[in-house]
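Here are the chains, one letter per residue:
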Amino acid sequence: LDQCQPEELLCYTALGHLDAGVVYVMDPSCQCGYTLPQQIQLFHSLRPMFENKPVLICYNKIDVMLRANLDAEDKSEVEAFIGEIEKLQVQYQETEMSTLTGTGVMKARNMACEMLLQQRIEAKLTSGPSKIAEIADKIYIAQPPIAAIKARPPIIPENAKLKILRRKVLLERQKKAAATEDADPSATGKRIHPLVDAEELQNRPKTQRQLELELGDDYEFELQEHWDIPNKEHRNDIIPEFYEGYNLVDF
């Protein structure tokens, strides 16, 4: 730790205050620049921060070096390291992965999540009854009597009911028109719109897109078209900036 930067020391200190799991990544190939004994020593120096936290030890870079292919000296170092962790009674698991090829990465993630979830479930089960007993006398759950419970069906406006009924009728007419078209090809083009009748379709105001297609180059979008003013002829009048010596923006 004496070679760590202040930012790294801050991260290590934060581990002691986080309710989370620890994924300790080791490099058996030692391409990271640190030998296996140095990586193990780093783990032991950080071990006080790992108390009451599940630890997942990941052996990375299996595309370069597998743990089973380590030489006798390094293999004995790892076995002694695992033996020390078992003596500490720390909840831990081991896995291998390669971040370069992606092998075992998702497995490591799932293992870490399962370990953390299991630890939190156990913590809730052990501390749950005592906490409930502390606040049981302070909680009151109000329940209305059965006689006061009334049926509350959804409120649908009458206009909406009529619209739904009309759509059903028009859909039936649409099906009949489709059957007639299949039986008589000369009836093509007489199909009824499935959602609106002919009168409603005729009285429906045109959209800006329809006006643009009809007018072509003569189309001009007017923002004042839908202004609600007493005299509609004044909608396109130019708004002055000053009126009777007053700035209209101030009002």
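Our subject is the structure listed above.
J.: Requested: an account of helix α3 (residues 72-87), with residues and values cited.
T.: Taking 1.5 Å of rise per residue, the 16 residues of α3 would be expected to cover 22 Å, and the 23 Å separating its terminal C-alpha atoms lies within 8% of that figure. Within α3, the full set of buried residues consists of Asp-74, Val-78, Phe-81, Ile-82 and Ile-85. All buried residues of α3 fall inside an arc of 95° around its axis, so they share one side. Of the exposed residues in α3, the ones pointing more than 90 degrees away from its buried face are Ala-72, Glu-73, Glu-79 and Lys-87.

J.: An account of the packing of helix α2 (residues 36-46) against α3 is requested, with residue identities and associated values reported.
T.: In the contact formed by α2 and α3, the axes pass within 10 Å of each other and the chain directions differ by 10°. Comparing the axis directions of α2 and α3 gives the class roughly parallel. Residues Leu-36, Pro-37, Ile-40, Phe-43 and His-44 of α2 pack against Asp-74, Glu-77, Val-78, Phe-81, Glu-84 and Ile-85 of α3. In terms of residue class, the contact of α2 with α3 is made up of 7 nonpolar, 1 polar and 3 charged.

J.: A description of the packing of aromatic side chains should follow, citing residues and the corresponding values.
T.: Taken as a whole and assessed by the stated rule, the structure comprises 2 aromatic pairs. With a centroid separation of 5.0 Å and an interplanar angle of 75°, the aromatic rings of Tyr-24 and Phe-43 are classed as edge-to-face. Residue Tyr-24 is found in strand β1 (residues 22-26), and its partner Phe-43 is found in helix α2; the two are separated by 19 residues along the sequence. Across the pair, Phe-43 and Tyr-24 agree in class, each one buried. Ring plane angle 85° and centroid distance 5.0 Å describe the contact between Phe-43 and Phe-81, whose orientation is recorded as edge-to-face. Of this pair, Phe-43 sits in helix α2 while Phe-81 sits in helix α3, and the two are 38 residues apart along the sequence. You'll find Phe-43 and Phe-81 in the same group, each marked buried. An aromatic cluster is present here, built from Tyr-24, Phe-43 and Phe-81 joined pairwise through their rings.

J.: Would you mind going over the pattern of salt bridges in detail, with residue names and values included?
T.: Once the charged atoms of two side chains with opposite charge are near each other, the side chains can pair. Applying the stated criterion across every chain, the model contains 5 salt bridges. Notably, a salt bridge pairs Glu-94 with Arg-67, separated by 2.7 Å at the nearest N-O pair. Residue Glu-94 is located in strand β3 (residues 92-96), and its partner Arg-67 is located in the loop between β2 (55-59) and α3; the two are separated by 27 residues in the primary sequence. For Arg-67, a relative accessible area of 24% gives the class partly exposed.

J.: So, the sheet that holds β1: which residues are in play, and what are the values?
T.: Strand order in this open sheet of 3 strands is β1-β2-β3, and the pairing throughout is parallel. The sheet terminates laterally at β1 and β3, the two strands that pair on one side only. Going from strand to strand, the sheet's axes swing by 20° on average, the running direction of each strand aside. In this sheet, β3 lies alongside β2 in parallel orientation, the contact comprising 5 bridges. From the neighbouring strand, Val-55 faces β3, where its bridge partner is Tyr-92. Against the sheet, α2 engages β1 and β2, with an angle of about 165° to β1. Along the sheet face, α3 touches β1, β2 and β3 and points at about 175° away from the line of β2.

What counts and how
Residues numbered from 1 in each chain as written. Predicted model: local features only at pLDDT ≥ 70, side-chain atom pairs only at ≥ 80, totals over all residues. Heavy atoms only, no water. Helix = DSSP H or I, 4+ residues; strand = E, 2+ residues; numbered from the N terminus. Expected span 1.5 Å × (residues − 1). Buried < 20%, exposed > 50% of the residue type's maximum accessible area, 1.4 Å probe, protein only. Arc of directions from axis to C-beta. Axes fitted to C-alpha atoms, helices over the stretch in contact; angles between N-to-C directions. Parallel < 35°, antiparallel > 145°, perpendicular 65-115°, else oblique. Contact = heavy atoms within 4.5 Å. Nonpolar A, V, L, I, M, F, W, Y, C, P; charged D, E, K, R; others polar. Phe/Tyr/Trp six-rings, centres within 6.5 Å; stacked < 30°, edge-to-face > 60°. Salt bridge = Lys/Arg side-chain N within 4 Å of Asp/Glu carboxyl O. Pairing = 2+ DSSP bridges.

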